[in-house]
Amino acid sequence: MKTGITGGIGSGKSYVCQLLAEIGVNVYDCDAAAKRLMATSEKLRQQLTELIGPEAYNIATDADGKEEFTLNKAAVARFLLASEANNKAVNNIVHPAVIADFEASGMEWVESAILFEAGMNRLVDRVVAVIAPRDVRIARVMERDDISREEAIQWIDRQWPQKEIIKRSDYVIVNDGHQQLLPQLKPLIVAAKATDEE
């Protein structure tokens, strides 16, 4: 049984996935995969450079004179926040590569903040939403990314409303810093194992 884990920025999806890893459930991390692919795939690098401009990547030369490319996160973030059209254009390049990489991984669990927007919900049997109160999410994003409250709100408001994610999901995990997570996760793991054994 394939399981998708989603939720808006600051909901604490990564922490939930860390807990899952600790109890032996490995989760494909779409965000980490996107960063890895943008850094290592020559095809993606060419496409993103054409779209964003040469500032999309920092170029350094190693000891052997070979060029090394690293994603310029600040430039990419500025481009993404400039307009919804920019956001979609980047997603149209990155999402297909991430989906192909996930399908090739053979993993059963996948985490994506934009599971529905990217159409990855079609690849899984059930979707788990991780949710948290808005103020908690804002505080988490501010601390994690060292940004202002206004910038954190801007990122949160660019994503689907939490109530829409809940409506489309099969299960909801509340990660508000008070409710225990493992008791909420265990029924999902048991159900997945039971289905795999059938």
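Data block above holds the structure.
Here the structure is a predicted model, which means the values were calculated and not measured.

Caption draft 1: A look at the overall build of the protein chain. If you tally the helices and strands in the protein chain, you get nine helices and seven strands. For 198 residues, the compact-globule formula gives about 16 Å, and the C-alpha radius of gyration of the protein chain, at 18 Å, lands near that figure. By its C-alpha atoms, the protein chain is 55 × 40 × 30 Å across when sized along the principal axes. When burial is assessed residue by residue, the protein chain has 40% of its 198 residues classed as buried.

Caption draft 2: Structural view of the nonpolar core. Formed by 31 residues in total, the largest nonpolar core has its most connected members in Met38, Leu48, Val94, Val110 and Met120. Put simply, the parts of the chain that give this core at least two residues each are helix 2 (30–40), helix 3 (42–52), helix 4 (73–82), helix 5 (84–105) and strand 6 (126–131). Ranked by size, the runner-up nonpolar core spans 16 residues in total, among them Leu20, Val25, Val27 and Ala192.

Caption draft 3: Spotlight on helix 3. Among the residues of helix 3, those classed as buried are Leu44, Arg45, Leu48 and Ile52. Buried residues of helix 3, seen end-on, are gathered within an arc of 100° and therefore sit on one face of the element. With respect to the buried face of helix 3, the exposed residues turned more than 90 degrees away are Lys43 and Glu50. Next to the buried residues of helix 3 lie helix 2, strand 3 (57–61), strand 4 (67–71), helix 4 and helix 5. Gly53 lies just past helix 3 and shows a positive phi near 115°.

Caption draft 4: Examining the packing of helix 4 against helix 5 more closely. Closest axis-to-axis distance for the helix 4/helix 5 pair is 5 Å, and the angle between their directions is 125°. Between helix 4 and helix 5, the interaxial angle falls into the category oblique. Between helix 4 and helix 5, the contacting residues are Phe79, Leu80 and Ala82 on the first element and Asn86, Asn87 and Val90 on the second. Classifying every residue of the contact of helix 4 with helix 5 gives four nonpolar, two polar and no charged.

Caption draft 5: Region of the structure containing the packing of aromatic side chains. Applying the stated criterion to the full structure yields two aromatic pairs. Measuring from ring centre to ring centre gives 5.8 Å for Phe116 and Trp160, while their planes differ by 5°; the resulting arrangement is stacked. With Phe116 in the loop between strand 5 (109–111) and strand 6 and Trp160 in the loop between helix 7 (149–158) and helix 8 (162–168), this residue pair connects regions lying 44 residues apart in the sequence. Given a relative accessible area of 10%, Phe116 falls into the buried group.

Caption draft 6: Fine view of the pattern of salt bridges. Within the structure shown, the criterion is met by nine salt bridges. Across the salt bridge formed by Arg134 and Asp157, the nearest N and O atoms sit 3.0 Å from each other. In this pair, Arg134 is assigned in helix 6 (residues 134–145) and Asp157 in helix 7, connecting sequence segments 23 residues apart. For Arg134, a relative accessible area of 39% puts it in the partly exposed group. Here Arg144 ties to Asp145 by a salt bridge, and the two come within 2.9 Å at their closest N and O atoms. Looking at Arg144, the relative accessible area reads 55%, which means it is exposed.

Basis of the calculations
- Residues numbered from 1 in each chain as written.
- Predicted model: local features only at pLDDT ≥ 70, side-chain atom pairs only at ≥ 80, totals over all residues.
- Heavy atoms only, no water.
- Helix = DSSP H or I, 4+ residues; strand = E, 2+ residues; numbered from the N terminus.
- Rg over C-alpha atoms; globule rule 2.2 N^0.38 Å.
- Buried < 20%, exposed > 50% of the residue type's maximum accessible area, 1.4 Å probe, protein only.
- Core = buried A, V, L, I, M, F, W, Y, C linked by side-chain atoms within 4.5 Å.
- Arc of directions from axis to C-beta.
- Contact = heavy atoms within 4.5 Å.
- Axes fitted to C-alpha atoms, helices over the stretch in contact; angles between N-to-C directions.
- Parallel < 35°, antiparallel > 145°, perpendicular 65-115°, else oblique.
- Nonpolar A, V, L, I, M, F, W, Y, C, P; charged D, E, K, R; others polar.
- Phe/Tyr/Trp six-rings, centres within 6.5 Å; stacked < 30°, edge-to-face > 60°.
- Salt bridge = Lys/Arg side-chain N within 4 Å of Asp/Glu carboxyl O.

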